[in-house]
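Coordinate inspection notes
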Amino acid sequence: MRTEVITVRTGGSPVVRDITSEAADFAKSEADGLLHVFVPHATAGLAIIETGAGSDDDLLAAIDELLPAADKWRHRHGSRGHGRDHVLPAWIPPYATLPVIDGRIALGTWQSICLVDTNGDNPTRQVRFSFING
């Protein structure tokens with residue numbers, strides 16, 4: 001298995017950050033197999049969605065509805081509503097496994113690999129790419 005960790009700057013506010021190009025760069029030297037993407041953080045996840053046409057903003061709006069940044073959370077350290085950040089990975093998991101065929105990630109036409117980070121307390125994240133040969 002080949003693996004590599006990258007650092008992604010997410011900033012201080014909720015964000016859906018497209019990391020497809022970084023994943024594609026990692027996989028391009030491979031043949032057929034599986035790409036596993038993992039975010040080793042308790043407050044971030046990965047989503048396979050369309051970006052750039054409003055879906056990324058819609059996802060953040062849906063998160064705000066489902067997991068509002070309010071003072072209702074029992075987990076209370078960090079900024080206001082930080083407890084919701086710790087619940088996020090139950091709905092948006094911190095991992096994804098994708099097929100790679102001849103060095104290309106087999107995504108659909110409008111699909112992108114996105115890091116979802118609602119935790120403004122941590123402006124950078126680590127993402128681990130791992131490749132298993134087929």
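Not measured: the values here are computed from a predicted model. (Residues numbered from 1 in each chain as written. Predicted model: local features only at pLDDT ≥ 70, side-chain atom pairs only at ≥ 80, totals over all residues. Heavy atoms only, no water.)

1. Here's the deal with the pairing of strand β8 (residues 124–133)
Bridge count for strand β1 (residues 2–9) against β8 is eight bridges, and the pairing is antiparallel. Bridge pairing in β8 links T3 to S130. (Pairing = 2+ DSSP bridges. Helix = DSSP H or I, 4+ residues; strand = E, 2+ residues; numbered from the N terminus.)

2. Structural notes on the side chain of T118
Structurally, T118 can be placed in the loop between β7 (112–117) and β8. Among the polar contacts listed, one links the side chain of T118 to the side chain of D85, at a separation of 2.6 Å. Excluding residues within four positions of it along the chain, T118 makes contact with P14, T43, I63, R84, D85 and L88. (Polar contact = N/O pair within 3.5 Å; in protein donor to acceptor, adjacent residues only side chain to side chain. Contact = heavy atoms within 4.5 Å.)

3. What to know about the packing of aromatic side chains
Evaluation of the coordinates by the stated rule reveals one aromatic pair. Over the face of the ring belonging to F26 we find R2, whose NZ or CZ atom lies 3.9 Å from the ring centre. (Phe/Tyr/Trp six-rings, centres within 6.5 Å; stacked < 30°, edge-to-face > 60°. Lys NZ or Arg CZ within 6 Å of the ring centre and 35° of its normal.)

4. A few points about the sheet that holds strand β2 (residues 15–18)
A sheet is described by the order of its strands in space; here three strands give the open sequence β2-β7-β4, paired in antiparallel fashion. Looking along the sheet, the strands with just one partner apiece sit at the ends: β2 and β4 (44–49). Taking the axes of each pair of neighbouring strands and ignoring which way they run, one obtains an average angle of 30° across the sheet. Bridge analysis of β4 against β7 gives six bridges, and the strand direction is antiparallel. (Axes fitted to C-alpha atoms, helices over the stretch in contact; angles between N-to-C directions.)

5. Let's talk about the nonpolar core
The biggest cluster of nonpolar side chains holds 19 residues, and the ones touching the most others in it are I19, L35, V37, I105, L115, V127 and F129. At the level of elements, β1, α1 (20–27), β3 (33–38), β4, β5 (95–101), β7 and β8 are the ones that each hand at least two residues to this core. With near-sequence residues (within four places) excluded, L115 lies in contact with V8, T10, V15, V16, R17, I19, V39, A44, G45, L46, R125 and V127. Judged by nonpolar contacts, the second largest core, of 12 residues, contains V16, L59, L67 and W73. (Core = buried A, V, L, I, M, F, W, Y, C linked by side-chain atoms within 4.5 Å. Buried < 20%, exposed > 50% of the residue type's maximum accessible area, 1.4 Å probe, protein only.)

6. A closer look at the side chain of T20
Here T20 is to be found in helix α1. Apart from the residues lying within four places of it in its own chain, the contact partners of T20 are L107, S112 and I113.

7. What to know about the sheet that holds β5
A sheet is described by the order of its strands in space; here five strands give the open sequence β1-β8-β3-β5-β6, paired in antiparallel fashion. Each having just a single partner strand, β1 and β6 (104–105) make up the two edges of the open sheet. Both β3 and β8 contribute to a ladder of six bridges, which runs antiparallel. Looking across to β8, one finds that L34 is bridged to I132.

8. Details of the pattern of salt bridges
Scanning the entire structure with this criterion turns up six salt bridges. Among the ionic pairs, D25 bridges to K28, the shortest N-O distance being 3.9 Å. Since its relative accessible area comes to 58%, K28 is described here as exposed. Each of D64, R84 and D85 takes part in a single network of salt bridges with overlapping partners. (Salt bridge = Lys/Arg side-chain N within 4 Å of Asp/Glu carboxyl O.)

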